[in-house]
Amino acid sequence: MDNKEMKSCQSCGMPMQSPSDFGTKADGSPSEDYCTYCYQGGAFTEPDITMEEMAEKGGAIMAEMYEIPIENAKRFALEQLSCLKRWAGREVPSCGSCGMPMRSPGEFGTGADGSPSKDYCTHCYRDGAFVEPELTLDAAVERYAPMMAGHLDMPLERAREMVRQYLSTLPRWRV
């Protein structure tokens, strides 16, 4: 799978980077939407799990990985899950540059002809071009990491790691 096809699980948010990351449909073919941990044989592995319970699991993993206070990690996980197909009832598009969920028409960037961009938010993309075309991945990490560190009360260096890992999954920053 090439990087342009990389997706995140629409149940837990895990990046699905290799064929073994993808769950399976009832016929054994790969699921386009769900990871191997969440979906096997055309069914959810935990069909009765609630979004809050999923946030508990994901939050615990994030708390340990990135030194985030557990309650902050669970809250953040819940915010992220609320945008995923399994929990939102639809796939909420997110910006391919910053990752912001785009829930309403005013949050979408615009093409050169003024039409809404399906790929980027209004903060990153207007009139068919990036608002900051010279922005690099490193500069984006340095911009967003302090905000993430403050929002989640986590060490700045760990926030840098988390932001870099996440941004690296987005189309603008894939190498």
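Quick notes on the rules
- Residues numbered from 1 in each chain as written.
- Predicted model: local features only at pLDDT ≥ 70, side-chain atom pairs only at ≥ 80, totals over all residues.
- Heavy atoms only, no water.
- Helix = DSSP H or I, 4+ residues; strand = E, 2+ residues; numbered from the N terminus.
- Rg over C-alpha atoms; globule rule 2.2 N^0.38 Å.
- Buried < 20%, exposed > 50% of the residue type's maximum accessible area, 1.4 Å probe, protein only.
- Contact = heavy atoms within 4.5 Å.
- Polar contact = N/O pair within 3.5 Å; in protein donor to acceptor, adjacent residues only side chain to side chain.
- Pairing = 2+ DSSP bridges.
- Phe/Tyr/Trp six-rings, centres within 6.5 Å; stacked < 30°, edge-to-face > 60°.
- Lys NZ or Arg CZ within 6 Å of the ring centre and 35° of its normal.
- Core = buried A, V, L, I, M, F, W, Y, C linked by side-chain atoms within 4.5 Å.
- Expected span 1.5 Å × (residues − 1).
- Bend = angle between axes of the 7 residues up to and from the residue.

Caption draft 1: Representation of the overall build of the protein chain. A tally of helices and strands in the protein chain yields 5 helices and 10 strands. In summary, the protein chain has a C-alpha radius of gyration of 17 Å against a globular reference of 16 Å for 175 residues, a match within 12%. Oriented by its inertia axes, the alpha-carbon framework of the protein chain measures out at about 45 × 40 × 30 Å. Within the protein chain, the fraction of its 175 residues that count as buried is 38%.

Caption draft 2: Structural context of the environment of Ser29. Structurally, the position occupied by Ser29 is in the loop between β3 (22-24) and β4 (30-35). A relative accessible area of 24% means that Ser29 is categorised as partly exposed. Taking the C-alpha atoms as reference points, Ser29 and Met100, 71 residues apart in sequence, are found 30 Å from one another. Not counting residues within four places of it along the chain, the set of residues in contact with Ser29 comprises Gly23 and Thr24. A polar contact of 2.6 Å, which involves the side chain of Ser29, links it to the side chain of Asp27.

Caption draft 3: Examining unusual backbone geometry more closely. Despite not being glycine, Glu67 shows a phi value in the positive range, around 60 degrees. Exposure remark for Glu67: the relative accessible area of 47% places this residue in the partly exposed category. If you check the backbone angles, Asp153 has positive phi at about 55 degrees while not being a glycine.

Caption draft 4: View of the pairing of β4. In this structure, β3 lies alongside β4, joined through 2 bridges in antiparallel fashion. Residue pairing across strands places Phe22 opposite Cys35, the latter belonging to β4. Connecting β3 to the antiparallel partner β4 that follows it, the hairpin turn spans 5 residues, and Gly28 within it adopts a positive phi of roughly 90 degrees.

Caption draft 5: Region of interest: the pairing of strand β8 (residues 116-121). Note: strand β7 (residues 108-110) against β8, 2 bridges, orientation antiparallel. Bridged to Phe108 within β8 is Cys121. Between the end of β7 and the start of β8, which pair antiparallel, lie 5 residues, with Gly114 showing a positive phi angle near 90 degrees.

Caption draft 6: Just the packing of aromatic side chains, in detail. The tally for this structure, following the rule as stated, stands at 6 aromatic pairs. Relative to Phe44, the ring of Tyr34 lies with its centre 4.9 Å away and its plane at 75 degrees, an arrangement referred to as edge-to-face. Here the residue Tyr34 occupies a position in strand β4, and Phe44 occupies one in strand β6 (residues 43-44), the gap between them amounting to 10 residues. Exposure remark for Tyr34: the relative accessible area of 10% places this residue in the buried category. The residue whose ring lies beneath Arg86 is Phe44, and the NZ or CZ to ring-centre distance is 3.7 Å. Its end group placed over the ring of Phe130, Arg172 keeps NZ or CZ at 3.8 Å from the ring centre.

Caption draft 7: Just the nonpolar core, in detail. In this structure, Ile68, Met148, Met154, Met162 and Leu167 are the most contacted members of the largest nonpolar core, which totals 35 residues. Other than its neighbours up to four places away in sequence, Ile68 contacts Met62, Ala63, Ala73, Leu152, Met154 and Met162. Formed by 8 residues, the second largest nonpolar core is a distinct cluster that contains Met100, Cys121, Cys124 and Tyr125.

Caption draft 8: Quick peek at helix α4 (residues 137-152). Given a rise of 1.5 Å per residue, 16 residues ought to cover 22 Å, and the 21 Å separating the end C-alpha atoms of α4 matches this to within 8%. Approximately 30 degrees is the largest bend angle found in α4, and it occurs at Tyr144, with the proline Pro146 only one to four residues beyond. All of the buried residues along α4 are Leu137, Ala140, Val141, Ala145, Met148, Ala149 and Leu152. Count one or two residues on from α4 and you reach Asp153, which has phi positive near 55 degrees.

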